[in-house]
Amino acid sequence: MFDSATYRSRRRTLVEQERPASGLALLLGNRRSPRNYVDNPHPFHQDGTFLYYFGLDRPNLYGLVDLDAGSSTLYGEEATLDDVVWEGEQTALREDAASVGVDTVDPPSALDSRLAQACEQDRPIHVLPPYRDEHRLRLGALLDRPHSQLDDAVSESLIRAVVRQRSVKSSEEVAEIETALDRTAQVHACAQGHAVPGASEQEIMGAMTGLLASEGGSFSFTPTCSVRGEVLHNHSYPNTLAEGDLLLVDAGATSPGHYAGDVTRVTPVGGSFTSRQQAVYEAVLSAQTAAIDALAPGVPFIEIHKHAARTLTEHLIDLGLMQAPADEAVAAGAHALFFPHGLGHMMGLDVHDMESLGEEFVGYARNQTRPEQFGLHTLRLGRPLQPGFVVTVEPGCYFIPPLIKQWRADQRHERFINYERVEDFLGFGGIRIEDDMLVTEDGARILGPDIPKAPGKVAARAGSSDPA
């Protein structure tokens, strides 16, 4: 993906600048994940941290960095004759290793003896949290630890070192993300073009999938494509679009180097909003604009989330859905009936970048405690921003019937919520607007091409022309 000097530099930085401690840092590449038997796997997806430091998108590899000597070793097997028969000729592992600046290649059996020797010498072996069962099994065998003690083997110092390094994106990485967003823009144009009465969600998903597949691309996560936008991660596509519906599409593509895009757009089916839809859309757009304008180095992202929530609440007060004062309503968490998720997350080699390492390390500084308040407890990113961070900004407003029913029954936040007015919006769905941002030295900029947001034209429709 990048040249060998990039990977050498990343590993050298881990050793020299981010050095977690002495000993060895062991990074596991992923294996293929079978669908129903070994030779029928799901599409292969490499571990993001392994890809960051070792750059090889092939299965069954291990990377070992000697934090004292500064050397790196790649462990894996060369392709067998059977592999060649079934999958075609493959690049020799030593050639691949050389392309990412690794000079030493050994078979996996040599890793066992290397780690055993380190244990005999009381050298620490640093590993990252295992997020797949296969990782737990392999680490248990490699470290000679029972399954119940694997969590004790995870190295917090290595986690923090990796997070510090990977959080700040290089210009090369930003270029990859923008390539992913070029493809993402095509996906959203496709969806918006198909948002017509009579189309099905499944048809739109098929069109987007076909577009990416025709260019050798893929989604960076399972998309939401639904007129039921109040379901935050809606991965089923059974509905047919009707005039007056709102189609919410949360989708992103990957770059050739596996960097992610993540964008959400809402399109009025038939081409125009009702006055009520327009008012809610403008409320969400205002919240997003306020958040984007507030992005800057040193500003805690949790404060930007609260700023977006206050902006949204002010609009909801104007709509009669909430009651002033807005600051007190947000402090109490009343706005979370309509905005129950966090404003955004880190993004890079994975759409939720590095989250396998633990959100408390990726998203929060040492002196921060993750909030427990409903709505804030799902905020994945709260830490002060730094130049080079790539983050999503994705406020939303949703009318979720079970949540509304429960809160009303509990008389929750009645001081701030006009439940009679909220009942009028049941069946509305949801609106979310999301863009990917690069934090710069003096602010932030939206990455990728301009991905059109929904048109502003308002059209009254039968049964939906109530004043906002």
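Every chain is numbered on its own, with residues counted from 1 as its sequence reads. Side-chain atom pairs in this predicted model are given and counted only at pLDDT of 80 or more, local residue features only at pLDDT of at least 70, and totals for whole chains, interfaces and linings cover all residues. With hydrogens and water set aside, each side-chain value is computed from the structure's full complement of heavy atoms.

Trainee: With reference to specific residues and values, describe the sheet that holds strand β13 (residues 444-446).
Mentor: At least two DSSP bridges between two strands are needed for those strands to be called paired. Labels follow the DSSP assignment, with helices taken as runs of H or I lasting at least four residues and strands as runs of E lasting at least two, numbered in each case from the N terminus. Ordered in space as β9-β12-β13, the 3 strands form an open sheet in which the pairing is antiparallel. A strand with exactly one partner marks an edge of an open sheet, and here the two such strands are β9 (390-393) and β13. Adjacent strand axes in the sheet meet at a mean angle of 35°, parallel and antiparallel pairs treated alike. Pairing of strand β12 (residues 435-439) with β13 involves 3 bridges; the strand directions are antiparallel. The residue of β13 that forms the bridge with M437 is I446. Here, two residues are considered to be in contact whenever any of their heavy atoms come within 4.5 Å of each other. Fitted lines through C-alpha atoms serve as axes, helices being fitted only where they are in contact, and the angles separating the N-to-C directions of these axes extend from 0 to 180 degrees. Sheet strands touched by helix α11 (residues 275-294): β9, β12 and β13. Its angle to β9, the strand with the most contacts, is close to 155°.

Trainee: Account for unusual backbone geometry, with residues named and values stated.
Mentor: A negative phi angle is the norm for most residues apart from glycine, just as the trans form is the norm for most peptide bonds. In this chain, A324 is followed by P325 through a cis amide linkage whose omega measures 0°. Counting through the fold element by element, P325 comes out in the loop between α12 (301-318) and α13 (326-332). Its identity is not glycine, yet D144 carries a phi of approximately 55°, on the positive side. In this structure, D144 sits in the loop between α6 (133-143) and α7 (150-153). Although it is not a glycine, M354 adopts a positive phi angle of roughly 65°. Burial classes: relative accessible area under 20% of the type maximum marks a residue as buried, over 50% as exposed, and values in between as partly exposed (1.4 Å probe, protein chains only). Overall, the relative accessible area of 2% leaves M354 in the buried class.

Trainee: Describe the nonpolar core, listing the residues and the values that go with them.
Mentor: Within the largest apolar cluster, 103 residues are counted, with the highest numbers of intra-cluster contacts made by L74, F301, F338, L385 and I431. If you tally residues by element for this core, the top one is α11, at 8 residues. The contact partners of L74, leaving out residues within four places of it in the chain, are F50, F54, L56, L61, Y62, L93, A97, V102, T104, V105 and D106. Grouped together as the second largest cluster of nonpolar side chains are 17 residues, V227, Y237, V249 and V269 included. Only buried residues count toward a nonpolar core, which is a set of Ala, Val, Leu, Ile, Met, Phe, Trp, Tyr and Cys residues joined through side-chain atoms within 4.5 Å.

Trainee: Describe the side chain of E230, and please don't skip the residues or the numbers.
Mentor: Within the secondary structure, E230 sits in the loop between β6 (224-226) and β7 (246-251). Given the relative accessible area of 8%, E230 is considered buried. Here the side chain of E230 touches R228 through a polar contact of 2.5 Å, side chain to side chain. Leaving out residues up to four positions away in the same chain, E230 has contacts with Y398, F399, I400, P401, G429 and G430. Residues adjacent in sequence count toward polar contacts only when both atoms are side-chain atoms; beyond that, a polar contact is any pair of N or O atoms within 3.5 Å, and within protein one must be able to donate a hydrogen and the other to accept it.

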